[in-house]
Amino acid sequence: PELNGDGAEILMKSYACQRRTPLKHHNAFLTEALEILAQNAEFNDNEGRSVAFRRAASVLKALPHRVKSMEDLRCLPCLGDHSQRVIKEILEDGSSREVESTRQSEQFQAMKALTGVFGVGVRTADRWIREGLRTPDDLIRTGQQLNRAQQAGVQYYSELQRAVTRAEAELIMAIVEAAVNSVLPGCQIQLMGGFRRGKEVGHDVDFLITHPEEGKEEGLMLKIISWLEEQGVLLYQKTTRNSYVERLDGPARSASNMDRFERCFSIFKLHSSASRSGSASTSESGSACDSGCRAVRVDLVVSPFSQFAFATLGWTGSKLFERELRRWAGQEKQMTLSSHTLYDSKQNLYLRAQTEEEIFAHLGLEFIPPSERNA
Ligand code: GTP
Ligand code: MN
Ligand code: MN
């Protein structure tokens with residue numbers, strides 16, 4: 001087995017949800033390369049290949065030391081031939097030709113630029129590229145038909161490209177708390193996603209909201225959104241109603257991991273001065289984003305109290321950690337995990353939980369805290 005510097009054995013488990021993966025690790029020079037190939041596979045609609053590269057990168061993130069030679073990789077799981085070739089080349093030559101040519105290819109760069117627009121997925125970006133478009137500017141210049149999300153995405157493109165800082169996330173937290181408390185006292189509000197895992201920056205800010213009295217949370221999002229709109233905080237919002245139904249015979253099979261909570265994808269307007277000084281200023285109304293203004297993507301999710309632990313686990317991430325949890329549940333435990341429930345197919349019953357710790361216990365997994373779910 002793999003030995004660490006002290007000659008002690010490292011036992012690398014094969015599911016990411018069985019391992020501790022800190023935010024800062026020792027192998028960014030390898031994981032960044034593998035993640036370029038993963039992203040490129042996603043752009044080519046090859047999910048299997050993409051996940052294989054992401055699993056390989058994730059194993060290296062969990063190593064307690066820097067990889068210096070191929071010897072260090074003996075006995076590690078999830079490293080396929082292709083990943084090993086890439087790693088070998090980087091260790092020997094300092095870089096991988098495949099990674100560098102991918103990074104520089106026009107196709108990859110155009111896909112990155114176009115899918116970087118809020119509201120644009122791989123299929124749409126691919127169609128535009130086949131029509132000769134390359135950048136968000138090309139979309140405006142050629143007068144492309146855009147839906148409402150994409151229009152906002154193009155309009156606030158450069159603002160949304162800028163990383164969201166933790167200070168900005170705290171500021172938005174204060175605004176969301178003010179909104180929620182004024183429409184329904186007694187709610188619980190949690191910062192989710194990357195910020196809950198300890199990241200210092202993010203591409204958006206994610207919130208989960210619930211009320212300890214089950215049922216009180218129904219219709220809450222619409223009230224929150226009207227409050228925010230009255231204050232002139234929202235540059236864009238799209239709200240979806242809760243469509244979750246618990247079936248007695250277990251959860252319906254679903255191809256996507258999209259959950260069915262009441263939710264809102266939005267763009268908040270912050271005043272840059274406020275975002276620097278750390279004090280919220282929401283009195284001005286209007287929906288323009290002028291030079292003294294900052295646009296930030298915000299996701300709001302409302303969960304019934306009985307599903308709150310599952311929603312918390314599902315919205316903490318990372319994306320790979322979530323995927324691995326569901327794979328573990330299905331393949332190793334004959335259970336189905338979602339952001340709503342955990343269903344045991346052997347006993348034909350839903351396993352309830354009040355906390356994330358209880359869900360890990362139901363799954364027969366050691367509890368991994370959010371800061372070590374950076375798989
Ligand atoms: P950054 O925002 O880039 O910092 O990273 P992040 O980890 O916060 O990513 P993101 O905001 O995209 O997602 C946060 C978490 O919510 C991730 O674990 C996702 O898997 C999860 N998530 C996002 N959208 C959905 C969804 O529609 N359904 C479910 N169940 N989970 C989602
Ligand atoms: Mn996020
Ligand atoms: Mn998000």
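Right, let's walk through the structure included here. (Residues numbered from 1 in each chain as written. Chains lettered and ligands numbered in written order. Predicted model: local features only at pLDDT ≥ 70, side-chain atom pairs only at ≥ 80, totals over all residues. Heavy atoms only, no water.)

A short note on the site of ligand 1
- Every one of the 19 residues lining ligand 1 counts as a neighbour, but Gly194, His203, Asp204, Met258 and Gly317 are closest to it.
- In this structure, serine 339 approaches ligand 1 through a side-chain N or O atom, which is 3.1 Å from a nitrogen atom.
- Starting from 630 Å² of accessible surface for ligand 1 in isolation, the protein chains cover 88%.
- Among the elements of the structure, helix H11 (193-196) and helix H15 (319-333) are those that each provide at least two residues to the shell around ligand 1.
- Of the residues that constitute the shell around ligand 1, the class distribution is two nonpolar, nine polar and eight charged. (Near = heavy atom within 4 Å. Polar contact = N/O pair within 3.5 Å; in protein donor to acceptor, adjacent residues only side chain to side chain. Areas by Shrake-Rupley, 256 points an atom, 1.4 Å probe, with all protein chains shown as cover. Helix = DSSP H or I, 4+ residues; strand = E, 2+ residues; numbered from the N terminus. Nonpolar A, V, L, I, M, F, W, Y, C, P; charged D, E, K, R; others polar.)

Considering the pattern of salt bridges
- Evaluated as defined, the whole model comprises 27 salt bridges.
- Among the salt bridges present, the one from glutamate 71 reaches arginine 74, with a minimum N-O distance of 3.7 Å.
- When its relative accessible area of 48% is taken as the criterion, arginine 74 is described as partly exposed.
- Arginine 294 is the salt-bridge partner of glutamate 159, the closest N and O atoms lying 3.5 Å from each other. Here glutamate 159, found in helix H9 (residues 157-161), pairs with arginine 294, found in strand S7 (residues 293-302); they are 135 residues apart in sequence, far enough to count as distant. Of the two residues, glutamate 159 and arginine 294, both sit in the buried class. (Salt bridge = Lys/Arg side-chain N within 4 Å of Asp/Glu carboxyl O. Buried < 20%, exposed > 50% of the residue type's maximum accessible area, 1.4 Å probe, protein only.)

Let's talk about the coordination of the manganese ion (ligand 3)
- Those protein atoms acting as donors to the manganese ion (ligand 3) are Asp204 (OD), Asp206 (OD) and Asp299 (OD), and they sit at 2.1 to 2.2 Å.
- A separation of 3.6 Å is found between the manganese ion (ligand 3) and the manganese ion (ligand 2), which are bridged by aspartate 204. Of this pair, aspartate 204 sits in the loop between strand S3 (201-202) and strand S4 (205-210) while aspartate 299 sits in strand S7, and the two are 95 residues apart along the sequence. Judged on exposure class, the residue aspartate 204 and its partner aspartate 299 are both buried. (Donors = N, O, S within 2.8 Å, 3.2 Å for Na, K, Ca; no water.)

So, the environment of histidine 25
- Considering the arrangement of structural elements, one finds histidine 25 in the segment before helix H1 (28-43).
- Here the alpha-carbon distance between histidine 25 and serine 345, two residues 320 residues apart in the chain, equals 37 Å.
- When sequence neighbours within four positions are dropped, the list of residues in contact with histidine 25 reads Thr31, Leu60 and Lys61.
- At a separation of 3.1 Å, a polar atom in the side chain of histidine 25 contacts the main-chain amide nitrogen of asparagine 27. (Contact = heavy atoms within 4.5 Å.)

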